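# Secondary and tertiary structure notes
These are the residues of each chain, in order.
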Amino acid sequence: MSPVAALHGRLHWTDLDTTSAELVDISVGVVPSGYTDSRSRISMVQYLEPLARPTKAPKCDQTFVSRAGGPANGTFNAPLLTNPTNHSRQCLYIFLAGPGQRVDVTFTSFNLRGSPPDGAAVGELPACVHEYMDVYAEVQSSDPAELINSPFGGRYCGPIPPRRRISLYRAIALSFYTDKNSTTPDIFEGRYAFINESEYEIGQPVIGSPCSYVINFAQKRTGAIISPTYPGAYPKDMSCTYQFIGKPNQRVRIEFRDFDLFFGGPHCPFDYVRVFDGPDNTSAVVGTYCGQQRNLVLYSSEQYLFVHFSTLQRTANTQNRGFKGIFEFSESFVKLDFIRENDGMHIRGSECDQKILSKKESTGFVYSPNYPFPYIPKVVCRYFVYGMQDAQNLERVKLEFSIFEIPKGEHKGDSNCTDGYLKVYLKGQEVADAYDKFDHELCGNELPHAVISDGPRLVMVFSSGELQGRGFKAKYTFETEYKIPGTAAPDGTCSFTYRSTSRKKGEFNSPRYPSNYPSETNCSYVFLATPNEQVTIVFDHFKVKADGANTTYGAYGTSVCFEDWLEMYVLYRDGTDRFLGRYCSLTAPGPVESPRGAVGIRVVLHTDQENVASGFKARYIFETAKSVFGDCGGNYSGEDSGVVTSPNFPANYDAPGKGLASRACNWYITARIGYKILLNFDFFGIEGEPATRGCAAAVMRLWLSPDSDMSPIEMCGEKPAMEHWQYVTQGQTARISFTSADKAIGAQGFRVIWTEVQDSPVGPSSTISLLCESTYHFQCLGSGYCISERLRCNGVKNCGSQDNSDEMHCIIIVPEEDHGALIISCIAAASFLICLLCTLCHRKRKRRHHRQLGLHRNAHYDSTTSATGISLGSSRRHLQGGGSLSGSLHGINNSEPMVIPPAPLPPVSVPPHVCINDTLLDPDDLNDDLFVNSCDRFDDDGECV
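Residues numbered from 1 in each chain as written. Predicted model: local features only at pLDDT ≥ 70, side-chain atom pairs only at ≥ 80, totals over all residues. Heavy atoms only, no water.

### What to know about a nonpolar patch on the surface
Stated formally: Note that patches include only residues with greater than 30% relative accessible area and no salt bridge, and the join distances are 9 Å for like charges and 5 Å for nonpolar side chains (Val, Leu, Ile, Met, Phe, Trp, Tyr). Each accessible area is a Shrake-Rupley result for a 1.4 Å probe, and residues are judged covered by the shown protein chains and nothing else. A pairing counts as a salt bridge when a side-chain nitrogen of Lys or Arg comes within 4 Å of a carboxyl oxygen of Asp or Glu. Helix and strand labels come from DSSP, where a helix needs a run of H or I of at least four residues and a strand needs a run of E of at least two; each type is numbered from the N terminus.
Judged by side-chain polarity, Phe832, Leu833, Leu836, Leu837 and Leu840 come together as a nonpolar surface patch covering roughly 530 Å² of accessible area. Here Leu840 lies in helix H4 (residues 820-859).

As C-alpha cells, this is what we get:
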C-alpha cells in the first residue's frame, strides 16, 4: 500500500478506539492564513488504493502527545503482530508537540526486513516492498486533508535507519508497513522528545515563510543562527533568508560551527548557503557554500549582511543536517580604511584581508591594520599581492619595508616571534594548510631586508597577538618576471649580464621559457670575458615567431626577420661592436666564439605586438682564448690561388675535444691592391638545415668584407651536386670561419677554391671594354674574370663554378728525360777504369826498372870499390829504414857518378784521380812522400822530373 493511502485510511478519527479518540481534542498548530507553501508534495490521491477497513481500528497505531505536566520525552518500538495470511498491515505513529514546541525523533535501532535494490539511494522510491518505514516531518495540521498534502520525507528499510528528525511545525508521523507473517518489537526502536521552539526563532519572523527572519542589532547584538530543523535532516524544496541589520560603523560577523549540506559540485547547484555583503540578495556575493565546511567565519564590509539557505526538490533523501553558528554585531572589528585608502581591495567576507592587483609594473604601499595608530590585539589579516600573469605578461613582487614595529613577546621554543608576527610567503600560498610553510617570519623593531617573490604572487599573514605595536609600512613594486638566469639589471628591465669572474658556464633563455615569451619585449644578454679568455655560445632550442618570413633558405638576415628576431654582436674593449647576424623562425644561430681581442658577445631578443613563440634556450662557456686562427686555419697573401678545406677533409671533421665547448678554424685571405677574391665552393656538407633547424651544431661563416660592418654569410647543410656556389669579395680581403659545437657528430665538411681576380667589371669578355691589365693575366671566357696566366691549365677551375675556360685548349708537354744520373754513372766508371790502368802500368814500369838496375850492377861488379858497395849498402839500409829515395841517390852521386838508363817520361798532365796501392786518391790529398815513391826520374837535385 502506498504511504499516503495509509494515512488516508487511518486518519478518520471516528474509527479510532477510546485510546486514540483523544486525538480529536488535540489542537494542532495552524500556520498563518496568508502562507502558501509552494513546495511540491507527493499527491496523496495518486496512491489511494481500495482498503477494506475493519469495523475497528487495529491496535498497532500509536500516538504520543505533549501534555502539560506530562513527560517531555519517551521511547517507541515496533508492534507485536501475527499475520499468518500475510495480509498487508500498516501502523501509524503520530507525535504531537504542544504550542511553542517541536518534535525530535531519533531511531536507536532499525532492522526492517528487505533492502533497497542495487543502485537505489537510501529513501528513494520505489525501493522497499514488503516491509518499510515512511517518514513525514512537515505535518502542519491534524486535518486529514492537510495531512494528506504533507511533504513525503522518505522511505526506509533494511539496516539503515532514518536520520534524526526535527519537525518543521508541531507534528511528525511515521507509517510502518509490513506483509510479513509476524513482527516483533525489536525490528525498530527509537526515542522522542518535545523541545522548545525558541531556539529556531532567530529574529523577527518574515510573514509567509516558516524559516525567514530579520535580525536587528537593537533587539539582539549576538545570538545563534540555525537551519530550520537542525540537527535533524533538513527538508527539501525550501527557501530561508536571514537579514542582519546593524548601525553605521558596525560590522556583522557570522561563524558557522557546524555546516553539513548536500554537495552537488564545486559551484553548489543544488542545496547551498549564499551570503551577500549587503541588505538583500541584490548585494555583492560574499560566497556560496555547500558540502561540509570547517571554520567558516564571515564578516560584512558594513552594517548589513544577508544569508539565503536554499534546498531543491529531490526524490532522494540525502539526510544532511544543515548548519548552526553564531552571529555578532560589533564596532570593534577592524576598520577597512587602511585598505580602501591605499589602492587595496577588501576581500569580502573577511575581517581585514585584502587583495592588491598590479596595474602593469605599478607600485604602492601596504600597512598594518589601524596604521599609523597601534594595531588592534588578536587580529589576523592576510595580504594577497598579485602580479600580472597571462599569455603576454608575467610579473613578480618586490617588498621593501620602511617602518616595522611588532613586539616579539617572550622567547619560547624555536620561534623568536611568540606574540605578534608577519609571515611572508614568496610562493604565494593561498591554501590554509600551506600557511605553516612560510619563507620569512618577521617581528621586533629591526627593519627587514627587501624580499622578492618567486612568482607572480606574494602573500603576507599579519597576526597582532596580545601586545600592541605601531605595525609596519612597506612599499610593493611589481616587476616583470622573465625567468632568466643571470645578473638582472637593477632597474628591472630585461637586461642580464654574465661575467667570467662570476661563473664559467651556464644557461640562458628567452623570457618565461619553455612557455611563450611575452610580446613587446626587448631583452639583452651580455657576456663579458677576462682579457685572456673568450666566450662560446651554443643554442640548443630556437623558435622565434616569423609569420611573414620566407624561410625556404632559412630565416636569416634583416630582410627576412622583421617581426620577432634575435641578434648577436661581438663586443670590443673600445666600446664598439660588430654585427654577427639576425635570426628568426626555426633557423637557430650556429655556435659562435668571441674572437681574440674582443671583450665578449651581446645577444638581443626583440618581440613585436602580435603573436609569440617558445623562444630559445642556449649555453655559454668561458674558455682560455685561442689564437686568431683558432684551433686551425691560416693566412693567405701574395698568392694567385689556393684551397681551403675543413679539418680532415675529405674525411669527416671531428667534434671538439673532451671538455671543450667548440672547435674553430679561421682563414684570412688577402689579395693584392686592385684585386678581389673569388670563392668557389667545390664541395660543401655541414650538419644542419637552415630552413628547419638552423646551424646549431656546426656552421661556416663567410665574411666578404671583413673590414666593414656587413654581417657574415652563415652556411650549413649540403650543397646539391648540380648547384653552383661562388662569391666575390667586396674588397681585397676575405675571412672564412668554421665552428663546430660539442654536440656536433661530424660530416665531410667543405672544399673552397679561392682565386685572386682583377677588380674589373664582370661578364663575358665580348661584353666588356676593359681588358686584363697586362699580358700576365688570362681573361676567363665565361665569367670575364681576369686571373693570373700561371693558373691556366693547372687542373683547378679558377674562373668560377660555371666557367672552365682556364682549363681549355691545354697542350700536354712531355718532359725531357733526365740524363744526369746516367752521366754521373759513366764518369764514375771511366775514372775507375783509368785508375785501374794506371795502377797496372805503374807496376809494370817498376818491375822493368828493377831489372835494368840489376843488369847494370852485374856489369861493373869488378870495378866497384868496397867503399862504393858500402855506400850503396848504406843507401839501401837507409831506404829500408824509411829514408827517401832522393836522399839515397844524392849520396851515391856525391861519392861517384853512376850512369842509369833513362826512365820513361811521365804524362804531361796529371789525371784528376791517382790510384796508389789500389786506393783512389785525389791529387790534393797526396803528400810528398807518396808522390816521390811514384816518380821514375829525378834531376840532379833529387827532384822528380
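### Regarding unusual backbone geometry
That bond from Tyr230 to Pro231 is cis: its omega, 0°, falls within 30 degrees of zero. Structurally, the position occupied by Pro231 is in the loop between strand S14 (222-226) and strand S15 (238-245). A positive phi is found at Asn648, a non-glycine position, where the angle reads about 75°. Assignment of secondary structure puts Asn648 in the loop between strand S43 (641-645) and strand S44 (662-670).

### Topic: the nonpolar core
Put simply, the test is: The set of buried Ala, Val, Leu, Ile, Met, Phe, Trp, Tyr and Cys residues whose side-chain atoms join them within 4.5 Å is what this entry labels a nonpolar core. Note on classification: 1.4 Å probe, protein chains only; a residue is buried when its accessible area is under 20% of the maximum for its type, exposed when over 50%, partly exposed between these limits. In what follows, residue pairs with any heavy atoms lying within 4.5 Å of each other are defined as contacts.
Phe508, Tyr525, Phe527, Ile537 and Phe616 are the most contacted members of the largest nonpolar core, which totals 44 residues. Going through the elements one at a time, strand S33 (495-499), strand S35 (522-528), strand S36 (533-543), strand S37 (565-572), strand S38 (577-583), strand S40 (598-606) and strand S41 (615-624) are the ones with two or more residues in this core. If sequence neighbours within four positions are ignored, Tyr525 has contacts with Ile484, Phe496, Tyr498, Phe508, Asn509, Ser510, Pro511, Ile601, Arg602, Val603, Leu605 and Phe616. Counting residues in each nonpolar core, the second largest holds 33 residues, with Tyr200, Ile254, Leu296 and Leu298 among its members.

### Here's the deal with the packing of aromatic side chains
In plain terms, the rule: Put simply, two rings from Phe, Tyr or Trp (the six-membered ring, in Trp's case) pair if the centres are within 6.5 Å, and we call them stacked under 30 degrees between planes, edge-to-face over 60, tilted for the rest. Here, a charge over a ring is recorded when the distance from Lys NZ or Arg CZ to the ring centre is within 6 Å and its angle to the ring normal is within 35 degrees.
This structure, assessed with the given rule, holds 62 aromatic pairs. Consider the rings of Phe259 and Phe323, whose centres lie 6.2 Å apart with planes at 20°: the pair is stacked. Residue Phe259 is located in strand S16 (residues 251-260), and its partner Phe323 is located in strand S21 (residues 322-330); the two are separated by 64 residues in the primary sequence. Judged by its relative accessible area of 0%, Phe323 is buried. Geometrically, the ring pair formed by Tyr556 and Tyr583 is tilted, given 5.3 Å between the ring centres and 55° between the ring planes. Of this pair, Tyr556 sits in the loop between S36 and S37 while Tyr583 sits in strand S38, and the two are 27 residues apart along the sequence. When its relative accessible area of 0% is taken as the criterion, Tyr583 is described as buried. Aromatic ring contacts, followed pair by pair, group Tyr482, Phe496, Tyr498, Phe508, Tyr525, Phe527, Phe539, Phe542, Phe616, Tyr620 and Phe622 into a single cluster. One residue, Lys423, lies across the ring of Tyr421, its end atom 4.6 Å from the ring centre.

### Let's talk about the pattern of salt bridges
Scanning all chains against the criterion turns up 37 salt bridges. The salt bridge involving Glu197 is made with Arg102; its shortest N-O contact spans 3.8 Å. Highlighted residues: Glu197 in the loop between strand S11 (188-196) and strand S12 (204-205) and Arg102 in strand S5 (residues 101-110), separated in sequence by 95 residues. Using a relative accessible area of 3% as the deciding quantity, one classes Arg102 as buried. Here Lys398 makes a salt bridge to Glu400, at a shortest N to O gap of 4.0 Å. On the basis of relative accessibility, which here comes to 32%, the residue Glu400 falls in the partly exposed class.

### Some remarks on the sheet that holds strand S7 (residues 155-156)
Rule in force here: Here, a strand pair is defined by DSSP locating no fewer than two bridges between the strands.
Read across the sheet, five strands follow the order S1-S4-S9-S6-S7 without closing on themselves; strand pairing throughout is mixed. Here the strands that pair on one side only, and so sit at the sheet edges, are strand S1 (62-65) and S7. The sheet contact formed by strand S4 (residues 89-96) and strand S9 (residues 171-178) spans eight bridges and is antiparallel. Paired with Leu96 across the two strands is Ala171, which belongs to S9.

### Some words on the state of the cysteines
Convention followed: What counts as a disulfide here is a pair of cysteine sulfur atoms lying within 2.5 Å.
Evaluation of the coordinates by the stated rule reveals 12 disulfides. Two residues, Cys695 and Cys716, share a disulfide whose sulfurs are 2.1 Å apart. One quick way to see it: the torsion about the S-S bond of Cys695 and Cys716 is about -75°, and its sign makes the bridge left-handed. Placement of the pair is Cys695 in the loop between strand S45 (675-686) and strand S46 (698-703) and Cys716 in the loop between strand S47 (713-715) and strand S48 (717-718), with a sequence separation of 21 residues. Taking relative accessible area as the criterion, Cys695 reaches 4% and is therefore assigned buried.

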